[in-house]
Amino acid sequence: MNKRSTTLKDLVHHSSASRDEAEEARRVQLVEVTVDSLAEVGWSGTTLAEIAKRAGVSPGLVAHYFGDKDGLLEAAFRTLARTLAARVRARLALAHTPRGRVQAVIDTNLAPEEFDKRSGTAWLAFWGQVLHVEGLKRVQTAYQRRMLSNLRSDLRRMIPLADARSLAAMIAAMIDGVWLRAALSEWQEADSESARALLTAFVEARLKDLARAHSPTAAADGAAQRPARRQLDSAGTLRVINPATGALLAELVADGPAQVDAAVVKAQAAQKKWAAMSGAARGRVLQRAAQMLRERNDELAELETRNTGRPIQETRVVDVLSGAECLEYYAGLAAGLAGEHLDLGPQAFGYTRREPLGVVAGIGAWNYPLQIACWKSAPALACGNAMLFKPAELTPLTAVKLQQLYLAAGVPDGVFQVVQGARETGRLLTRHRDIRKISLTGEVGTGKAVMADAAATLKQVTLELGGKSPLIVFGDARLENAVAGALLGNFYSAGEVCSNGTRVFVHRSVRREFVQRLHARTAAMRIGDPLDPATQVGALISEEHMEKVLGCIARGRTQGARLIIGGERVTAGDLASGFFVAPTVFDECHDDMDIVRQEIFGPVMSVLEFEDEDEVIARANATEFGLAAGVFTNDLTRAHRVISQLQAGTCWINHYNVTPVELPFGGVKMSGLGRENGRAAIEHYTQLKSVYVAMGDIDAPY
């Protein structure tokens with residue numbers, strides 16, 4: 001809204017921008033006099049002569065400005081409608097949720113100034129004539145359409161489109177009806193406050209009824225089902241929580257079909273301009289974005305810590321800087337994107353072109369939101385694509401900052417756009433016919449759903465999914481390094497890492513010593529406020545996820561694993577309001593235990609004993625997952641031999657969970673398809689075009 005107030009003078013229609021101030025003032029005066037006349041003598045008494053008399057001018061002058069009575073009254077009606085529209089826009093600008101914007105329409109249309117006798121009587125006079133005067137009918141139709149459009153736009157973010165249309169019509173009818181009742185009773189049977197309260201109560205009740213009608217109340221087997229996303233309320237608002245304190249960080253609006261369609265259209269136009277730039281030019285823009293990430297490292301790291309609950313000592317050295325490294329890497333590759341030349345003999349040659357896919361989509365996970373946004377967007381943009389990126393609804397904040405940063409670096413508006421929402425918004429992306437690729441980081445169930453949706457339009461997919469990765473410690477390994485690797489592979493980021501080596505196979509000859517060292521180093525880990533640089537273990541992402549992790553720990557105990565350390569929620573002091581779980585180690589585990597078979601995604605390590613190489617390889621591979629694996633041994637021949645037999649897409653020898661952008665990252669089996677990072681990602685964000693070039697005449701047999 002403009003800082004200066006909206007007045008009648010601002011809103012009167014001008015036939016020419018060059019009209020001098022005297023004429024403008026005269027028109028304003030005549031419109032105001034018309035409203036006064038309607039309020040006092042009604043429609044029939046308001047004539048050109050009456051207006052001229054009240055204004056102290058000749059009837060001819062009034063006719064000069066407005067033509068006839070209908071023209072004058074249309075101008076006055078249009079002014080009242082524009083005044084109301086300006087007030088609605090001002091209130092909408094102050095509302096930040098769909099429900100708040102609906103309320104803004106109600107409150108403005110039923111505000112005390114709309115119950116003013118002077119303007120109200122004028123409105124009533126106009127309404128009585130709209131069926132008979134074409135000009136007034138046009139104004140009234142525009143007014144009604146504007147109200148319905150404002151209401152539908154936000155209601156459809158909270159409820160299905162059909163319900164949004166009918167509810168918008170009902171709210172509009174009630175606004176006009178209660179106002180009309182008040183006007184006809186000369187403001188005796190209704191007032192602004194009671195009218196707004198009545199309509200607000202109706203809208204609240206109707207939204208709750210519709211939310212219950214469209215929300216799942218039972219699982220497929222008939223058992224009660226908990227809400228799938230507690231951070232998404234029935235009004236379609238994302239509530240972003242600090243998991244270390246439980247405090248509300250932000251409320252965001254979930255994007256619906258209209259918003260996603262608009263984003264795709266915008267991306268299509270922007271992508272053509274972006275792809276037309278040379279690879280070197282795109283690379284320079286990405287380099288600037290990388291530099292800006294580095295300059296804003298501390299600010300973005302703190303926001304990431306508040307949103308994810310992960311320690312600031314991690315986010316300051318990993319999240320933002322690894323994103324910058326990713327942008328720098330693909331900035332360097334952008335200029336060298338090329339196909340190949342093929343010699344087909346003296347009469348022809350061929351070549352291939354590597355071209356962008358067009359508009360692609362990335363769907364992120366909640367554990368490393370900024371890093372994942374960079375991992376997906378950097379190769380996509382380097383190849384000339386536009387990307388719509390949907391962060392996880394639990395951690396949506398830093399992706400917005402990345403979009404702002406890209407714009408500031410010179411990425412054209414529309415090339416990288418963030419859409420917000422839960423699985424419903426994600427499905428709008430996976431099912432959209434004009435999106436040519438989906439890159440997902442998430443759980444296996446989500447990956448299956450994305451792949452099924454993508455099949456309808458033959459989208460390309462990259463799926464980086466879950467894992468239950470093995471970490472193998474042979475008897476000749478340097479135990480201190482192996483213990484350090486196990487700690488990194490289980491407790492970094494409170495265990496919320498998809499590649500974690502949570503099945504730690506330790507050779508029988510060193511298991512006892514390994515467990516002793518592991519216990520000592522785990523006991524020394526510091527759990528605390530994630531913003532404290534000394535904190536090593538922060539909070540889990542949500543209360544719901546914490547309960548899941550604690551449930552897995554309870555099953556581990558029940559099934560006979562020996563708890564060495566941890567196993568409980570931490571609630572000491574200021575941590576009581578957060579979702580903290582102590583690093584947990586189970587020993588004497590067996591392959592058939594739930595904690596060994598199922599992905600926990602929390603700080604829970606299972607130690608298993610093995611005897612020989614073939615045995616441990618078979619046990620390590622006996623899982624549906626295949627994301628990562630690690631081997632600790634001083635025998636490099638054994639290391640390479642074992643790695644070659646492990647069914648995993650990302651492997652480490654004598655280290656764990658380091659992911660340089662130069663190396664492709666991804667899994668096999670149920671852990672996903674395709675690869676993030678490295679040159680391999682270029683394959684997933686481009687398509688090859690083959691071109692045959694004839695150098696001679698065509699010898700056709702007919």
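Quantities reported herein were computed from a predicted structural model and do not represent experimental measurements.

## Observations concerning unusual backbone geometry
- Here the phi dihedral of Asn-654 falls at roughly 60°; this positive angle occurs in a residue that is not glycine.
- Mapped onto the fold, Asn-654 is located in the loop between β18 (650–653) and β19 (672–673).
- Assessed through its relative accessible area of 32%, Asn-654 is described here as partly exposed.
- Of note in the backbone geometry, Asn-677 takes a positive phi value of approximately 70° without being a glycine.

## Some words on the side chain of Asp-319
- Counting through the fold element by element, Asp-319 comes out in helix α14 (residues 312–334).
- The residues contacting Asp-319, other than those within four sequence positions of it, are Glu-304, Arg-310, Glu-314, Tyr-368 and Gln-371.

## As for the nonpolar core
- Among the nonpolar cores identified, the biggest contains 114 residues, and Leu-293, Tyr-330, Leu-381, Tyr-406, Ile-472 and Phe-514 are the most heavily contacted of them.
- It is α14 that provides the largest number of residues to this core, a total of 11 residues.
- Counting 29 residues, the second-largest nonpolar core is a separate cluster that includes Leu-151, Leu-155, Leu-167 and Ala-172.

## Notes on the sheet that holds strand β5 (residues 359–363)
- Pairing within the open sheet is mixed, and its 6 strands lie in the order β7-β6-β5-β8-β9-β19. Each edge of the sheet is formed by a strand with only one pairing partner; in this case those strands are β7 (416–418) and β19.
- With 5 bridges joining them, strand β8 (residues 437–441) and strand β9 (residues 460–464) adopt parallel strand pairing. If you follow Lys-437 over to β9, its bridge partner there is Gln-460.
- Packed on one face of the sheet, helix α15 (residues 369–382) meets β5, β6 (386–390), β7 and β8 and runs near 165° to β6.

## What to know about helix α11 (residues 257–276)
- Helix length check: α11 (20 residues) gives 29 Å between terminal C-alpha atoms against 28 Å at 1.5 Å per residue, within 8%.
- For α11, the principal kink sits at Ala-270 and spans about 25°.
- Within the span of α11, buried status applies to Gln-259, Val-260, Ala-263, Val-264, Ala-267, Ala-270, Gln-271 and Trp-274.

About the thresholds
- Residues numbered from 1 in each chain as written.
- Predicted model: local features only at pLDDT ≥ 70, side-chain atom pairs only at ≥ 80, totals over all residues.
- Heavy atoms only, no water.
- Helix = DSSP H or I, 4+ residues; strand = E, 2+ residues; numbered from the N terminus.
- Buried < 20%, exposed > 50% of the residue type's maximum accessible area, 1.4 Å probe, protein only.
- Contact = heavy atoms within 4.5 Å.
- Core = buried A, V, L, I, M, F, W, Y, C linked by side-chain atoms within 4.5 Å.
- Pairing = 2+ DSSP bridges.
- Axes fitted to C-alpha atoms, helices over the stretch in contact; angles between N-to-C directions.
- Expected span 1.5 Å × (residues − 1).
- Bend = angle between axes of the 7 residues up to and from the residue.

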